[in-house]
Amino acid sequence: MNFVAMDFETASGKRFSACSLALTVVRNDQIVDEFYSLINPQTDFFWRNVQIHGIHEQDVANAPTFPEVWEHIKQFFTPDKLVIAHNNRFDNSVLRSTLEHYGIQPPAYQTLDTVVSSRTLIPGLENYKLNTICDALDIDLHHHHNALDDAQACANILLYQGRRFGADQLRPFIKLIG
């Protein structure tokens, strides 16, 4: 399988407030590259978000803005590419809202939600939070809500599902957005 796992953390409840982003690149069923960046969201941080991910305003004061980050990652967001996330409604909405906030046209790309695929393919778990699935599948999740660790874990969930159930079982979960 070839795909990119994406994870955002946000500064507040505003979807355009991305303060960190990670991508884990998978080619031929192997993690081959990773990208991580703090992002200056140019907006205030909410204490609850900081409590969840531990990123403070001072941590991103000299970080690039999202348009600067986008120049490095936009190649992964094309109609022929699969971009996955755990609860992809959140991550896809952060991407779309942040791009729109900066006046950048959101791209079309394929997406898959590992929450949805896990509910179908791995029934019976207590819940389908990232850490619960990782525990059930014996996947390392070092620091939950660290974007890079979460993106790696998400990639490993889909790799597990691909090995265990095959690509044909995963195709129905892929949607084109944009």
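These numbers come from a predicted model, not from an experiment.

Visitor: How should the state of the cysteines be read in this particular structure?
Guide: Put plainly, two cysteines are in a disulfide when a covalent bond ties their sulfur atoms together. Overall, the coordinates contain zero disulfides when judged by the stated rule. Of the cysteine sulfurs around Cys 134, a residue in no disulfide, the closest is that of Cys 154, at 8.8 Å. A residue is classified by how much of its surface remains accessible, and Cys 154, at 1% relative accessible area, is buried.

Visitor: Where do I start with the environment of Leu 125 in this structure?
Guide: Relative to the helices and strands, Leu 125 resides in the loop between helix H4 (114-121) and helix H5 (130-137). Measuring from C-alpha to C-alpha, the distance between Leu 125 and Ala 136 comes to 7.9 Å, with eleven residues separating the pair along the chain. In this structure, Leu 125 is in contact with Ile 133 and Ala 136, ignoring residues within four places of it in sequence.

Visitor: Which parts of the structure should I look at to understand the pattern of salt bridges?
Guide: Close approach of charged atoms allows side chains of opposite charge to pair. Applying the stated criterion across every chain yields a total of two salt bridges. One salt bridge connects Glu 71 with Lys 74, and the closest N-O pair in it is separated by 3.2 Å. Classification of Lys 74 as partly exposed rests on a relative accessible area of 37%. Of the charged contacts, one joins Asp 168 and Arg 171 as a salt bridge, the two residues approaching to 2.1 Å between their closest N and O atoms. Judged by its relative accessible area of 61%, Asp 168 falls in the exposed class.

Visitor: In this structure, what is going on with the sheet that holds strand S3 (residues 30-38)? I would like to understand it.
Guide: Within a sheet, adjacent strands bond to each other through the backbone by hydrogen bonds, running parallel or antiparallel. The strand order across the open sheet formed by six strands is S3-S2-S1-S4-S5-S6, and the pairing between neighbours is mixed. For this open sheet the edge positions go to S3 and strand S6 (175-177), each flanked by a neighbour on one side alone. Neighbour-to-neighbour, the strand axes of this sheet turn through a mean angle of 30°, independent of strand direction.

Visitor: Explain the packing of H4 against helix H6 (residues 147-165) here, please?
Guide: The packing of two helices is summarised by the inter-axis angle and the distance between the axes. Direction vectors running N to C along H4 and H6 enclose 35°, while the axes themselves pass 11 Å from each other. At the point where H4 passes H6, the crossing takes the left-handed sense. The segment H4 lies against H6, with Thr 114, Ser 117, Ser 118 and Leu 121 engaging Cys 154, Ile 157, Leu 158, Gln 161 and Phe 165. Classifying every residue of the contact of H4 with H6 by side-chain character gives five nonpolar, four polar and no charged.

Analysis parameters
Residues numbered from 1 in each chain as written. Predicted model: local features only at pLDDT ≥ 70, side-chain atom pairs only at ≥ 80, totals over all residues. Heavy atoms only, no water. Disulfide = S-S within 2.5 Å. Buried < 20%, exposed > 50% of the residue type's maximum accessible area, 1.4 Å probe, protein only. Helix = DSSP H or I, 4+ residues; strand = E, 2+ residues; numbered from the N terminus. Contact = heavy atoms within 4.5 Å. Salt bridge = Lys/Arg side-chain N within 4 Å of Asp/Glu carboxyl O. Pairing = 2+ DSSP bridges. Axes fitted to C-alpha atoms, helices over the stretch in contact; angles between N-to-C directions. Left-handed = near helix turned anticlockwise from the far one by under 90°. Nonpolar A, V, L, I, M, F, W, Y, C, P; charged D, E, K, R; others polar.

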